[in-house]
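# A structural walkthrough
Residue strings, one per chain:
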Amino acid sequence: MAHKDDPPQAVPNTPGTRTDGDGVGRRRPLRQRHVEETAEIAVPVRTAYNQWTQFKTFPRFSTVVHGVEQLRPTVTAWTIGYGPLRHRFAVEILEQDPDAYLAWRGLEQHPSHQGEVEFRPTESGGTAITVRLLLEPRGAARILTRSSGAARLTARLVRGELMNFKHFIEGLGEEGGAWRGTIRNGRVQHDHPEPPRSRVAQWPVG
């Protein structure tokens, strides 16, 4: 498992946007990061991705996530903590590409963060999962975030959670569910445009 816990720095070859083979520009929010952790999982990319997107199952393997609630199609509320301490905050998914990439940002005010996770196939037929975090605290907490100690602590936590996920999904052998949708700029993309709605409440169109 690779890890990096240096102070914030630019990420090579990670621009603000990228263009894939289909010519569609997609956002890369983390040109800088505090933490980057990678783990290799012995299941195919599709299986790893499908299970990861089942956010409500995180408490089954995580040591810090105690609950996940779906508030809106792209917004979830997470409850995390150690022992009796609990902290609840909302997260918005900014971008999601099935079997490849997911980016999010915290909606809480103190502290705030951005994150992304990438899924890449390995030569052995497994999956390399990379998680990157950019911490954006406000006020006095900003000083702590700049320290290498805070970055190391966050890296250790992310590394542990990745290993927990690895043991969980490898133990299952298959995903327990899946959401295969695509998200762009915080909006779920639909395969077919929605029909126009009547301006009169509950009146059908056509």
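Just above, that's the structure.
Along every chain, residues carry numbers that run from 1 in the direction the sequence is written. Selection of residues for local features in this predicted model requires a pLDDT of at least 70, selection of side-chain atom pairs for listing and counting requires 80 or more, and totals for whole chains, interfaces and linings are taken over all residues. Only hydrogens and water are set aside; all other atoms, that is, all heavy atoms of the structure, feed into the side-chain values.

## Some thoughts on the nonpolar core
Throughout this description, the term nonpolar core refers to a set of buried Ala, Val, Leu, Ile, Met, Phe, Trp, Tyr and Cys residues connected via side-chain atoms within 4.5 Å. A simple rule labels every residue: compare its accessible area, found with a 1.4 Å probe on the protein chains alone, to the largest value its type can have, and call it buried under 20%, exposed over 50%, or partly exposed in between. Ranked by internal contacts, the top residues of the largest apolar core, which has 32 residues, are Trp 52, Phe 55, Trp 78, Val 117, Phe 119, Ile 129 and Val 131. Of all the secondary structure elements, the ones that give two or more residues to this core are strand E6 (35-41), helix H1 (45-52), strand E7 (65-72), strand E9 (87-97), strand E10 (101-106), strand E11 (113-121), strand E12 (127-135) and helix H3 (148-172). Of the residues forming this core, the biggest block, 6 residues, is contributed by H3. Among all residues touching Trp 78, those that are not within four sequence positions of it are Phe 55, Phe 58, Val 65, Gly 67, Val 68, His 87, Arg 88, Phe 89 and Val 91. Secondary structure follows DSSP: runs of H or I at least 4 residues long count as helices, runs of E at least 2 residues long count as strands, and numbering of each begins at the N terminus. Contact between two residues is taken to exist if any of their heavy atoms lie within 4.5 Å; hydrogens are not considered.

## Points about the pattern of salt bridges
Close approach of charged atoms allows side chains with opposite charge to pair. Here a salt bridge means any side-chain nitrogen of Lys or Arg lying within 4 Å of a carboxyl oxygen belonging to Asp or Glu. Taken as a whole, this structure holds 9 salt bridges when the rule is applied. The salt bridge involving Glu 116 is made with Arg 132; its shortest N-O contact spans 2.7 Å. On the criterion of sequence distance, the pair formed by Glu 116 in strand E11 and Arg 132 in strand E12 is long-range, its members being 16 residues apart. Looking at Arg 132, the relative accessible area reads 9%, which means it is buried. Across the pair Glu 170 and Lys 166 runs a salt bridge, and its minimum N-O distance is 2.8 Å. Of the two residues, Glu 170 and Lys 166 are both situated in helix H3; the distance of 4 residues between them amounts to about one turn of the helix. On the basis of relative accessibility, which here comes to 29%, the residue Glu 170 falls in the partly exposed class. Residue classification places Lys 166 among the buried positions, given a relative accessible area of 17%. Connected through shared salt-bridge partners, Glu 36, Glu 116, Glu 118 and Arg 132 make up one network.

## Focus: the packing of aromatic side chains
Two rings from Phe, Tyr or Trp (for Trp, the six-membered ring) form a pair when their centres are within 6.5 Å of each other. A pair whose planes differ by under 30 degrees is stacked, one over 60 is edge-to-face, and the rest are tilted. In total, this model carries 10 aromatic pairs according to the counting rule given. Judged by centre distance (5.0 Å) and plane angle (50°), the rings of Phe 58 and Phe 61 are tilted. Of the two residues, Phe 58 and Phe 61, neither departs from the other in class, the shared state being buried. Among the aromatic residues, those joined into a cluster by ring pairs are Tyr 49, Trp 52, Phe 55, Phe 58, Phe 61, Trp 78, Phe 119, Phe 165 and Phe 168.

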